[in-house]
Amino acid sequence: MKYYLIAGEASGDLHASRLMRSLKEKDEEAEFRFFGGDLMAAEGGTLVKHYRELAYMGFVPVLMHLPTILKGMRQCKQDIREWQPDVLILVDYPGFNLGIAKYVKASKICPVYYYISPKIWAWKEYRIKAIKRDVDELFSILPFEVEFFEQKHHYPIHYVGNPTAQEVREFLKAPTTPPPVGEANVTPPLREGAGGRLIALLAGSRKQEIKDNLPAMIEATRHLAGQYDVVLAGAPSIERAYYEPFIEGTHVKLVMNETYQLLNRATAALVTSGTATLETCMFRVPQVVCYETPLPRLIGWLRKKVLSVKYVSLVNLIADREVVRELVAESFSVDNIRHELERILPGGPDRQRMLDDYEEVHRRLGESDAPDRAAGIMVRLLNER
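These figures come from a predicted structure and were not determined experimentally. (Residues numbered from 1 in each chain as written. Predicted model: local features only at pLDDT ≥ 70, side-chain atom pairs only at ≥ 80, totals over all residues. Heavy atoms only, no water.)

Engineer: Help me out: how do you make sense of the packing of helix H1 (residues 10–26) against helix H8 (residues 163–173) in this one?
Structural biologist: The description of two helices packed together rests on the angle between their axes and the distance between the axes. Across the interface, H1 lies against H8 with an axial gap of 11 Å and an inter-helix angle of 80°. Taken together, the axes of H1 and H8 lie roughly perpendicular to each other. Contacts from Leu14, His15 and Arg18 of H1 reach H8 at Pro163, Thr164, Gln166, Glu167 and Glu170. (Axes fitted to C-alpha atoms, helices over the stretch in contact; angles between N-to-C directions. Helix = DSSP H or I, 4+ residues; strand = E, 2+ residues; numbered from the N terminus. Parallel < 35°, antiparallel > 145°, perpendicular 65-115°, else oblique. Contact = heavy atoms within 4.5 Å.)

Okay, here's the thing in C-alpha cells:
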C-alpha cells in the first residue's frame, strides 16, 4: 500500500520514522512519500519537503512566513492528489495537518489517519469539529486523551501507548552502550574537575524557543560552572552556528544530536516545555520546566482564561498534578530558575520527591509498543476497506 505521511518537527520526524519501520514489517509492499525529516528519509521512500522549511511557531513568526507556509500547503495538496496514496497519516503539527486533512477528505482521495493527536484538550478545543469531520481514525499516545475524546466528545480513538516512553526504554536496554557524551562530541570537552556531574539544557527545537529561553538558562547556571559541566543539547533541526552566539564566552558547552546520551548522564536539567519534558522524566532526571513568553503578565492572564488545562508539561499532565515545577510567563525569571534548580540538585529538598513522583508517570504510560500497535491497527483497517 501507499502511505503519505506529514510530520512538521523533530519529534514528529522521530515518531513517524518508527511508525514507518513498523508499517514495513506488517506490509511488505509499503511505499512511502512524505513531508518530514532525516529519520523518515532513512526508512526509505521519497522526502518531498523537509520540515525545517515549514517549522514556524508563534503568531508573529507564522505571519512573517505565511507565504512560505501556504506555498508548502499547496505543494502538499498537489503532491497527494497526483500520487493517490491509500492513506494519509498525519503526525501532530495541527495547524498545517488539519488543513491538509480537510482537503483530502473533501476530495475523497483516501482515508485520513492521525497519529499523535492534536492537543486540543489544552487549547483550540473547537478543532474537534474538524477532526470529527475530516479524520477517519485517531491514534492517541497520552492516556488521559481517551476520556477527553471518547467521553467528552463521543469520538472513538485508539490509545496505542506512548512512543517516547518506548524509545527511551529501548535506548537504555540497548545491548551495546552508546559512547558516553562528552568524550569526542561536546564542544568544548567536559572537564575532569566537575567529577562527572552535569546539568543539561534542553532549550527547544525551534529557533524562537531557543532565542526566548536559552539566555536565561545560561545565566541561571552561571554560579554552578565550577561544580558542574553545563551542556546544551543541540536539536536536530537547528544548525550548530545558530547556538554559537548564545554560548560564546560562557560556561556552557554544546553537543549536537545526542540528547538521549546527554540525559543518560545528567544530574539535573532545565527543559523547555514539550516532548523533552517527558524524555527527561523517562531518564529519571529531575528538571525545571522553563518557558518564556512575550508580555508575560498578559500571557499569564490569558493562560488562565484560554487554556483548558492547569499545566503545560506532559509530565504534570500525565500525573494530573504538579510533579515538576513550571516557570511559564510571569513566573519565568533567572532568579526563579536558579532557585528551583538548586532545589533539585543533590541534597536539594525537592530532588527525591520528584524522582519518586516520576515513577507514577512511568506506571501510567505502561509498556506498550506504540508504533507497532498503531501500525497493526492501520494495516488491518486498510485491508478491511
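Engineer: So what exactly am I meant to see when it comes to the packing of aromatic side chains here?
Structural biologist: Geometry of an aromatic ring pair is reported as the spacing of the ring centres plus the angle between the planes. One pass over the full model with this rule turns up 13 aromatic pairs. Ring plane angle 90° and centroid distance 5.1 Å describe the contact between phenylalanine 148 and phenylalanine 149, whose orientation is recorded as edge-to-face. The exposure classification of phenylalanine 148 matches that of phenylalanine 149, with both residues buried. Between phenylalanine 171 and tyrosine 260 the ring centres are 5.6 Å apart and the planes differ by 80°, which places this aromatic pair in the edge-to-face class. Residue phenylalanine 171 is located in helix H8, and its partner tyrosine 260 is located in helix H11 (residues 259–263); the two are separated by 89 residues in the primary sequence. (Phe/Tyr/Trp six-rings, centres within 6.5 Å; stacked < 30°, edge-to-face > 60°. Buried < 20%, exposed > 50% of the residue type's maximum accessible area, 1.4 Å probe, protein only.)

Engineer: Can you help me understand the sheet that holds strand S10 (residues 252–256) in this one?
Structural biologist: Sheet strands pair via backbone hydrogen bonds, and the direction of the pair is either parallel or antiparallel. Pairing is parallel in the open sheet, where six strands are placed in the order S10-S9-S8-S11-S12-S13. The open sheet has two free edges, formed respectively by S10 and strand S13 (325–328), since each of these has just one partner strand. Averaged over neighbouring strand pairs, the angle between their axes works out to 25° when direction is ignored. Both strand S12 (residues 287–291) and S13 contribute to a ladder of four bridges, which runs parallel. Each residue of the ladder has a partner; that of valine 288, found in S13, is arginine 325. (Pairing = 2+ DSSP bridges.)

Engineer: What is the right way to read the sheet that holds strand S6 (residues 137–140) from this model?
Structural biologist: The strand order across the open sheet formed by seven strands is S3-S2-S1-S4-S5-S6-S7, and the pairing between neighbours is parallel. Of all strands in the sheet, those bounded by a partner on one side alone are strand S3 (46–50) and strand S7 (158–159). In terms of strand pairing, strand S1 (residues 2–7) meets strand S2 (residues 31–36) through five bridges, oriented parallel. Its bridge partner being in S2, tyrosine 3 is matched across the sheet by phenylalanine 32. The strands touched by H1 are S1, S2, strand S4 (87–91) and strand S5 (112–115); relative to S1, the strand with the most contacts, the crossing angle is about 165°.

Engineer: Got a minute to help me understand the pairing of strand S8 (residues 198–202) in this structure?
Structural biologist: With five of its five residues buried, S8 lies for the most part within the structure. Both faces of S8 are covered, namely the face carrying Leu198, Ala200 and Leu202 and the face carrying Ile199 and Leu201. Two strands pair when backbone bridges link them, and S8 and strand S9 (residues 229–234) are joined in this way by four bridges, in the parallel orientation. Bridge pairing links alanine 200 to valine 231 in S9. Read from S8 through helix H9 (residues 207–220) to S9, the crossover connection turns out right-handed. Here S8 runs beside strand S11 (residues 268–271); their pairing, made up of four bridges, is parallel. By the bridge assignment, leucine 202 is partnered in S11 with valine 271. (Right-handed = clockwise from strand over helix to strand, strands pointing away.)

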